[in-house]
Amino acid sequence: MAFGARVTFDRDAMLSDVRAGLAAHPRQLPSKYFYDERGSQLFDEITRLPEYYPTRAERALLQDRAATIVSTTHPATLIELGAGSTDKTRLLLDQMLKSPASNVTYIPVDVSADFLATSVAQLRGEYPTLVTSPVVADFATQFALPTHPLPSLHAFLGSTIGNFTPAAAVDLVTSVRTRMAFGDFFLLGVDLRKDPHQIERAYNDSRGITAQFNKNILNVVNNVLGADFEMSKFDHNAVYDRDQHRIEMRLISRAAQTVAIPGIGDVVFAPGDAILTELSYKYDRAIVTELLGQAGLQLSEWFTDDAESFALALANR
Ligand code: SAH
Ligand code: AVI
């Protein structure tokens, strides 16, 4: 492992992603590189911030709807993309495990290997009868699932779908559809369009945790590639684009600076130069129905909280 840090990203893949991203206009870095162990811990902290409403809204929705979702889909296996802490997942697992005869399998898929291992160790302690088979993979690529009992519920929670452009989101849901057997369902959590000020506050918290999360991507590039990004020389920036219905998160260079990235060379930044680090799209029912349809799925249930802040979409083939 390069440069001694506990990171699990493939060096060559990151080198080519970073080379392409920093040569692009605008400059960008793939959002998956936020999530080394520290990035995953920072995201977990974000989910508990007063300003970051999506996690609370989705948890409340799952508290209300998990029983209905499980009785509608009666899954033997839960496959979860981008499982993270698996905190909200427990609400689905609790329902799946309610039947005394049930033999339940859980397959969390995540790129953040160390954090996933910690989540799984905790889960195994809490759910001794659950068969937990974690998969460390980039869910945007072809990856193999361990054999599992059917039917499956394929879950993609937290509005992580929003971190993909509309075209990439269709590709991602299409790949889920191709893994779905007859009788399987897809459960998608999406953050809904709302007052832009409320959305912007969620990405500009007063404690600066989102800023640390954003800057952590530079730390990950330093650790894996041996680059010399100085986090203090970049500012966090997150703005809601009302036309495209998305948060755009950037790192803005505070000064003229040159960053050396072994294998890539020197990258020169002028004051104000930006690196786009994340998009976070916000949805409505029509857009989600269209996305599912383009991926070959149909919406079967649409659940929202009272404030219409967040939605869970249940879909089948
Ligand atoms: N589902 C959790 C976590 C959301 S954070 C929740 O709702 O709170 C996004 C999660 O997706 C992180 O755990 C991150 O490591 C993972 N992730 C992001 N991009 C990924 C990718 N391309 N492949 C696999 N996992 C990814
Ligand atoms: C994981 N993803 C859905 C989060 C989001 O809201 O787009 C990541 C995040 N970025 C800043 N805050 C949280």
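Figured I'd write up the structure that's included with this text.

### Brief notes about the site of ligand 2
- Taken together, 14 residues form the shell around ligand 2, and within it Tyr52, Asn163, Tyr203, Glu278 and Ser280 come nearest.
- Contacts to ligand 2 include Tyr203, whose side-chain N or O atom sits 2.5 Å from an oxygen atom.
- Within the side chain of Ser280, an N or O atom sits 2.7 Å from an oxygen atom of ligand 2.
- Starting from 340 Å² of accessible surface for ligand 2 in isolation, the protein chains cover 98%.

### Here's the deal with the pairing of strand β8 (residues 246-253)
- Summarising burial for β8: seven of the eight residues are buried, a large majority.
- When strand β7 (residues 234-241) meets β8, the two strands line up antiparallel, connected through eight bridges. Bridged to Asn237 within β8 is Arg250.
- Between β7 and β8, which follow one another and run antiparallel, lie four residues, and His245 among them has a positive phi close to 55 degrees.
- As paired strands, β8 and strand β11 (residues 274-281) are joined by seven bridges and run antiparallel to one another. When the bridges of β11 are listed, Ile247 appears paired with Ser280.

### Structural notes on the pattern of salt bridges
- Evaluated as defined, the whole model comprises 15 salt bridges.
- A salt bridge links Asp138 to Lys32; the shortest N-O distance between them is 2.7 Å. On the criterion of sequence distance, the pair formed by Asp138 in the loop between β4 (135-136) and β5 (152-156) and Lys32 in the loop between α1 (11-23) and α2 (37-46) is long-range, its members being 106 residues apart.
- Across the pair Arg250 and Glu248 runs a salt bridge, and its minimum N-O distance is 2.9 Å.
- Because the salt bridges share partners, they merge into one network encompassing Asp17, Lys32 and Asp138.

Each value, and the rule that gives it
- Residues numbered from 1 in each chain as written.
- Chains lettered and ligands numbered in written order.
- Predicted model: local features only at pLDDT ≥ 70, side-chain atom pairs only at ≥ 80, totals over all residues.
- Heavy atoms only, no water.
- Near = heavy atom within 4 Å.
- Polar contact = N/O pair within 3.5 Å; in protein donor to acceptor, adjacent residues only side chain to side chain.
- Areas by Shrake-Rupley, 256 points an atom, 1.4 Å probe, with all protein chains shown as cover.
- Buried < 20%, exposed > 50% of the residue type's maximum accessible area, 1.4 Å probe, protein only.
- Helix = DSSP H or I, 4+ residues; strand = E, 2+ residues; numbered from the N terminus.
- Pairing = 2+ DSSP bridges.
- Salt bridge = Lys/Arg side-chain N within 4 Å of Asp/Glu carboxyl O.

On their own, these measurements won't tell you what the molecule is for.
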